[in-house]
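Fold and geometry: a report
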Amino acid sequence: MSEYIAPLRDMKFVIKELAGLDTVAALPGCEDVSAELVDQILEENGRFSSEVLSPLNQSGDVEGSTFSKGEVRTPKGFKEAYRKFVEGGWNALQFPAEYGGQGLPKLVATPVMEMWKSANMSFSLCPLLTTGAIEALLLRGSDEQKRAFLPKMVEGQWTGTMNLTESQAGTDLALLKCKAVPSSSPELGGHYRIYGQKIFITYGEHDMAENIVHLVLARTPTAPEGVKGISLFIVPKFIVNKDGSLGARNDVQCSSIEHKLGIHASPTAVMLFGEKDGAVGYLVGEENRGLEYMFIMMNAARFAVGLEGVAISERAYQKALEYAKERIQSRDLAGSEASVPIIRHPDVRRMLMSMKAHTEAMRALAYVTAASLDIAHRHPDREERARHKAFVDFMIPVVKGWSTETGIEMTSIGIQVHGGMGFIEETGAAQHLRDARIATIYEGTTGIQANDLVGRKLAREGGATAKAVIEMIRAVEAQLKNAGGEDLAAIREALSAGTTAVAECTDWIVRTYGSDIKAVHAGAVPFLKLVGVVCGGWQMARAALVAHKKLGEAGGDASFYQAKIGTARFYADHVLSQAGGLRDTVLHGARGVMALAEEQF
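Note that this is a predicted model, so its numbers are computed, not measured. (Residues numbered from 1 in each chain as written. Predicted model: local features only at pLDDT ≥ 70, side-chain atom pairs only at ≥ 80, totals over all residues. Heavy atoms only, no water.)

1. Points about helix 8 (residues 143–155)
Within an α-helix, residues lying three or four positions from one another point in the same direction, as the helix has 3.6 residues per turn. Its 13 residues place the ends of helix 8 18 Å apart at the C-alpha level, agreeing with the 18 Å of an ideal helix rising 1.5 Å per residue. Within helix 8, the axis deviates most sharply at F149, by approximately 40 degrees, and proline P151 lies no more than four positions further along. Residues Q145, K146, F149, L150, M153 and V154 constitute the buried set of helix 8. Close packing links the buried residues of helix 8 with helix 7 (121–140), strand 3 (158–163), strand 6 (211–218), strand 7 (231–236), strand 8 (238–240) and strand 12 (279–283). (Helix = DSSP H or I, 4+ residues; strand = E, 2+ residues; numbered from the N terminus. Expected span 1.5 Å × (residues − 1). Bend = angle between axes of the 7 residues up to and from the residue. Buried < 20%, exposed > 50% of the residue type's maximum accessible area, 1.4 Å probe, protein only. Contact = heavy atoms within 4.5 Å.)

This is the structure we're talking about:
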């Protein structure tokens, strides 16, 4: 079983040449960030991911987490790996120093998270949820709550969860029934008693940390109906005493864990609150603003889940590439005396190039978005912060939706490269597809991401941010035209056609949304894919321009830069070429979607 090797060369290229490490390092609070420091962090995390997390990926899948009498046991080696994770300071990387963090920018944390996800997606889900909980408390928690919970959560000694879903309330959170009753006692002061059940809670119970801090959506007795009546509460597994020590076990317990298609090592729990006296909970912020606060966690989690699509594609590509170089099968089509490695066959080469090109495009778009997140949070100029925030808000549903859908496609191709052996669990290729499948559902399905994109992020603002993105892509087109060369000319032609397709769809959506909202939403997912394909092509074109320039300079890694141009050319010919069809589906496909009456299905 091959182990994951972090693609450090490509990661460093994207961080420095496309995402703009120098720009991020110049932001307030990032003065200590340097290329040398980033290289050291990536290389050390690459070793940790390859040597500690990756060897547990397949064994964790086979063993899975197990449940007995309210307790969950993670697979062999997970507790020890998590202890090393905490001791290495990895959980604290991007959080403020005042709570024990290292204060590093999102751009640095993003490739680090990608490595964890590639090496062991099940393991990575635990810090993913903790990160979202930390970000929610940083922005909306009281000073007392921050002091009580954040240092241990930032360190990783305590983990966090998101408790939204109930059996009758999946996406429609207006149907939540979990309730919160005001209470008070001399020992605990003012608090609430939480009653209800939550499902699909990732790492809702486990044996890797000493406490689990649940963030729970619930209704107070006076709450209005619908989503306007939801509040957010901190419900720790163990009550935290005033001196910071752990006290009594709270009235919250796991009643079971799910049996899933993939991510077997990650426990997905059914959580019961208030089976006895009511679980002690602490209100975060103001009553009835819980959904607003939870979306802080949601956006962080959506970006992180998008990275899962990048990461699982990289892992599947590495495995398929290794197999294609080793598997001897059939003679070369151009003639050979004996059978050759299958990587010499054109169709296998096509599949590998598709995996490589998609993965690099997704990675670049995610890292560029991460850099804009840093600028949106740290830049001293308000207008610059607002511009980058709008870009991030527009891109997050794309990074999440397009990357995770593409991750499924790439892991499926990985199986195809293996042929029949890919369908056999022992090779490990099948696990990547099984693990990838949940990512399009996590934190809102692809349809929800697409609805968000065309509704909140496009129609509501008249397409302003989309048009700004189109202008940035057009500027790259001009650079490609001036650069010359056959490959760059072909990339420019495909990128130009794709950008025109996005522009036409943007204008149609803005024009049509008010008069025929169902027609717009019928094509929302194809539009999201179109934006992902074209924005990925935008980043691949930028990479090709950098590579072209580097090849014209003395020295450098010629093979790497030539491969960058070749991969961008493949992306233009095989991926950007899909843009016209997607445009037609968006503009003309609604009639077919809505053609049948319900009884005709």
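Right, picking up where we left off after that structure.
2. Thoughts on the packing of aromatic side chains
This structure, assessed with the given rule, holds 13 aromatic pairs. Measuring from centroid to centroid gives 6.3 Å for F13 and Y561, while their planes differ by 55 degrees, and the two rings are tilted. Residue F13 is found in helix 1 (residues 8–18), and its partner Y561 is found in helix 18 (residues 558–574); the two are separated by 548 residues along the sequence. Each member of the pair, F13 as well as Y561, carries the same accessibility label: buried. Directly above the ring of F560 sits R9, whose terminal nitrogen or CZ lies 3.9 Å from the centroid. (Phe/Tyr/Trp six-rings, centres within 6.5 Å; stacked < 30°, edge-to-face > 60°. Lys NZ or Arg CZ within 6 Å of the ring centre and 35° of its normal.)

3. What to know about the side chain of N163
Tracing the backbone through its elements, the reader meets N163 in strand 3. Side-chain polar atoms of N163 contact the side chain of T161, separated by 2.8 Å. With residues up to four places along the chain from it excluded, the contact list for N163 reads K198, I201, H214, L215, V216, L217, M271, F273 and M294. (Polar contact = N/O pair within 3.5 Å; in protein donor to acceptor, adjacent residues only side chain to side chain.)

4. Some thoughts on the layout of surface pockets
Of the pockets and cavities examined, the largest pocket occupies roughly 1400 Å³. Taken together, 40 residues make up the lining of the largest pocket; nearest its centre are E135, L139, I296, L373 and H377. Of all the secondary-structure elements, those providing two or more residues to the lining of the largest pocket are helix 7, helix 9 (290–326), helix 10 (346–378), helix 11 (382–418) and helix 13 (446–459). In this structure, the second largest pocket occupies an estimated 1100 Å³ of space. If you go around the second largest pocket, you meet 41 residues; those closest to its centre are T165, I441, Y442, E443 and G444. When residues of the lining of the second largest pocket are traced back to their parent elements, those giving at least two are helix 7, strand 5 (189–202), helix 9, helix 12 (429–436) and helix 13. (1 Å grid on protein atoms, 1.4 Å probe; cavity = no way out; pocket = protein on both sides within 12 Å on 5 of 7 lines; lining within 4 Å. Points joined across faces, edges and corners; volume = space filled by probe spheres on them.)

5. Examining the pattern of salt bridges
Summed over all chains, the structure comprises 31 salt bridges. Here K564 makes a salt bridge to E360, at a shortest N to O gap of 2.9 Å. Here the residue K564 occupies a position in helix 18, and E360 occupies one in helix 10, the gap between them amounting to 204 residues. In this structure E360 comes out as buried when scored by relative accessible area, which is 8%. D393 serves as the salt-bridge partner of K389, at 2.8 Å between the closest nitrogen and oxygen. With a gap of four residues between them, K389 and D393 both fall in helix 11, about one helical turn apart. Sharing partners across several salt bridges, the network here consists of D10, E114, E314, K356, E360, R363 and K564. (Salt bridge = Lys/Arg side-chain N within 4 Å of Asp/Glu carboxyl O.)

6. Quick look at helix 13
Along its 14 residues, helix 13 runs 18 Å from first to last C-alpha, staying within 8% of the 20 Å computed at 1.5 Å per residue. Most of helix 13 sits inside the fold, with 10 of its 14 residues counted as buried. Within helix 13 the residues assigned to the buried category are T446, Q449, A450, D452, L453, V454, G455, K457, L458 and A459. Buried positions along helix 13 lie against helix 9, helix 11, helix 14 (464–483), helix 15 (486–512), helix 16 (517–522) and helix 17 (524–551).

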